[in-house]
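# Survey of secondary and tertiary structure
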Amino acid sequence: MDIKYAKKIITNVLSKDRVEHSFRVAKVATQLARKYNVNIEKIELAAILHDYAKNHSKEELKRWILQSSLPKNLLFYHSAIWHGPVGALMLKQKHGIVDRDVLSAIYCHTTGKEHMSTFEKIIFVADYIEPMRDIPGVEKVREVATENLDQAVYLILRNTIQFLMSKKHTIYPSTFYAYNELSATVGNQMEVI
Ligand code: GDP
Ligand code: FE
Ligand code: FE
């Protein structure tokens with residue numbers, strides 16, 4: 001799929017604000033891809049499409065989970081995490097996207113997962129640090145992202161887990177797995193922030 005077509009299909013399914021968010025994510029992701037030697041066109045495509053399913057109703061997302069081979073345990077967690085896996089599936093089925101890097105980065109962009117590729121990490125980080133994000137701690141993640149991608153992923157996971165716990169929300173297991181994996185390496189290297 002070319003970028004022009006990707007832009008067209010998201011304008012059909014996403015609100016104007018969401019489309020603009022996707023373009024900002026694409027810009028940041030492209031910069032990171034240059035730094036970390038990842039295919040620029042492919043990262044741009046994944047970034048533009050990453051929130052494809054975001055404006056679909058909760059009921060529709062749930063139907064896609066129930067009627068596919070997506071893990072049913074998603075349904076035990078907050079619906080905010082459904083649009084990644086469902087978006088990847090919709091793009092595959094409705095738009096013929098087959099690229100595994102693109103699909104898997106979209107799949108795990110909200111929760112993260114263990115053994116993330118550099119491509120997946122870039123989408124995960126770019127979504128969190130795009131210029132309009134005003135999350136406590138985001139400045140530090142922006143600084144770190146250009147130097148050490150794993151440290152950026154680690155900080156995001158830690159912030160997200162802390163935030164969700166403070167709200168008494170449940171946390172999807174993949175998020176913990178990703179966090180634990182990085183804690184063993186980057187968590188110990190970093191000065192505690
Ligand atoms: P967006 O789609 O660009 O708004 O960003 P994301 O896809 O990263 O996040 C959607 C929301 O899901 C955010 O508000 C996160 O805090 C939240 N989120 C991320 N992981 C989890 C989780 O494991 N459980 C719950 N309940 N929410 C999560
Ligand atoms: Fe998202
Ligand atoms: Fe997003």
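Look a little higher up for the structure.
Residues numbered from 1 in each chain as written. Chains lettered and ligands numbered in written order. Predicted model: local features only at pLDDT ≥ 70, side-chain atom pairs only at ≥ 80, totals over all residues. Heavy atoms only, no water.

## Comments concerning the coordination of the iron ion (ligand 3)
Counted only if it meets this: Donor criterion used throughout: N, O or S atom within 2.8 Å of the metal, extended to 3.2 Å for Na, K and Ca. Water excluded; incomplete-looking sites may result. Counting from the N terminus, the helices are DSSP H or I runs at least four residues long and the strands are E runs at least two residues long. Relative accessible area decides the class of each residue, using a 1.4 Å probe on protein chains only: under 20% of the type maximum gives buried, over 50% gives exposed, and in between gives partly exposed.
Bound to the iron ion (ligand 3) are the protein donor atoms His21 (NE2), His50 (NE2), Asp51 (OD) and Asp127 (OD), situated 2.2 to 2.3 Å from the metal. One chain supplies every donor for the iron ion (ligand 3), spaced along it as H-x28-H-D-x75-D. Separating the iron ion (ligand 3) from the iron ion (ligand 2) is a distance of 3.5 Å, and Asp51 supplies a donor atom to each of them. Note that His21 is positioned in helix α2 (residues 16-35) and Asp127 in helix α7 (residues 118-129), a separation of 106 residues in sequence. Summarising the burial analysis for this pair, His21 and Asp127 share the class buried.

## Some thoughts on the layout of surface pockets
Heads up, the rule is: Cavity and pocket criteria rest on a 1 Å grid covering protein atoms alone: a 1.4 Å probe that fits but cannot get out defines a cavity, protein on both sides within 12 Å along at least 5 of 7 lines defines an open pocket, and an atom within 4 Å of a point defines a lining residue. Grid points are joined across faces, edges and corners, and a volume is the space filled by probe spheres set on the points. Polar here means any residue outside two lists: the nonpolar Ala, Val, Leu, Ile, Met, Phe, Trp, Tyr, Cys and Pro, and the charged Asp, Glu, Lys and Arg; Gly therefore counts as polar.
Space inside the largest pocket adds up to approximately 790 Å³. Along the wall of the largest pocket there are 28 residues; nearest its centre are Thr110, Tyr128, Thr160, Phe163 and Leu164. A total of six residues in the lining of the largest pocket trace back to one element, the largest contributor, which is helix α9 (residues 149-166). Residue composition of the lining of the largest pocket, grouped by class: 13 nonpolar, 10 polar and five charged. As a volume, the second largest pocket reaches approximately 250 Å³.

## Details of the site of ligand 1
For clarity, the cut-off: Consider each residue's heavy atoms; a residue with any of them within 4 Å of a molecule or strand counts as near. In protein, a polar contact means a hydrogen-donor-capable atom and an acceptor-capable atom, both N or O and within 3.5 Å, with residues adjacent in sequence counting only if both atoms are side-chain atoms; elsewhere, any N or O pair within 3.5 Å suffices. Each accessible area is a Shrake-Rupley result for a 1.4 Å probe, and residues are judged covered by the shown protein chains and nothing else. Assignment to a cavity or pocket requires that more than half of a molecule's atoms be within 2 Å of the site's grid points.
Around ligand 1 sit 18 residues, and of these Arg18, Lys54, Thr110, Arg133 and Tyr172 come closest. Contact distances for ligand 1 include 3.1 Å between an oxygen atom and a side-chain N or O atom of His83. Out of a free accessible area of 590 Å², ligand 1 has 82% covered by protein chains. More than half of the atoms belonging to ligand 1 lie within 2 Å of the grid points that define the largest pocket. Elements represented by at least two residues in the shell around ligand 1 include exactly α2 and α9.

## A look at the side chain of Ser22
Note the following rule: What makes two residues a contact is simply this: any of their non-hydrogen atoms within 4.5 Å.
Relative to the assigned elements, Ser22 resides in helix α2. Since its relative accessible area comes to 0%, Ser22 is described here as buried. Polar side-chain contacts of Ser22 include one of 2.8 Å to the backbone oxygen of Arg18. Apart from the residues within four sequence positions on either side, Ser22 is in contact with Ile10, Leu14, Ala47, Ile48 and His50.

## Description of the coordination of the iron ion (ligand 2)
Under perfect tetrahedral coordination by four donors, a metal shows angles of 109.5 degrees; under perfect octahedral coordination by six donors, it shows angles of 90 or 180 degrees. At the metal site, the iron ion (ligand 2) is ligated by Asp51 (OD), His83 (NE2) and His109 (NE2), and these contacts range over 2.1 Å. Sequence positions of the donors to the iron ion (ligand 2) reduce to the motif D-x31-H-x25-H. For His109, a relative accessible area of 2% translates into the label buried.

## A short note on the nonpolar core
The nonpolar side chains of soluble globular proteins are, as a tendency, buried together. Applied cut-off: Definition used in this section: a nonpolar core is a set of buried Ala, Val, Leu, Ile, Met, Phe, Trp, Tyr and Cys residues joined via side-chain atoms within 4.5 Å.
Counting residues in hydrophobic clusters, the biggest one holds 64 residues, and the most contacted among them are Leu49, Ile122 and Val125. The dominant element in this core, judged by the number of residues it contributes, is α7, at eight residues. Beyond its immediate sequence surroundings of up to four residues, Val125 is in contact with Leu32, Ala145, Leu149, Ala152, Val153 and Ile156.

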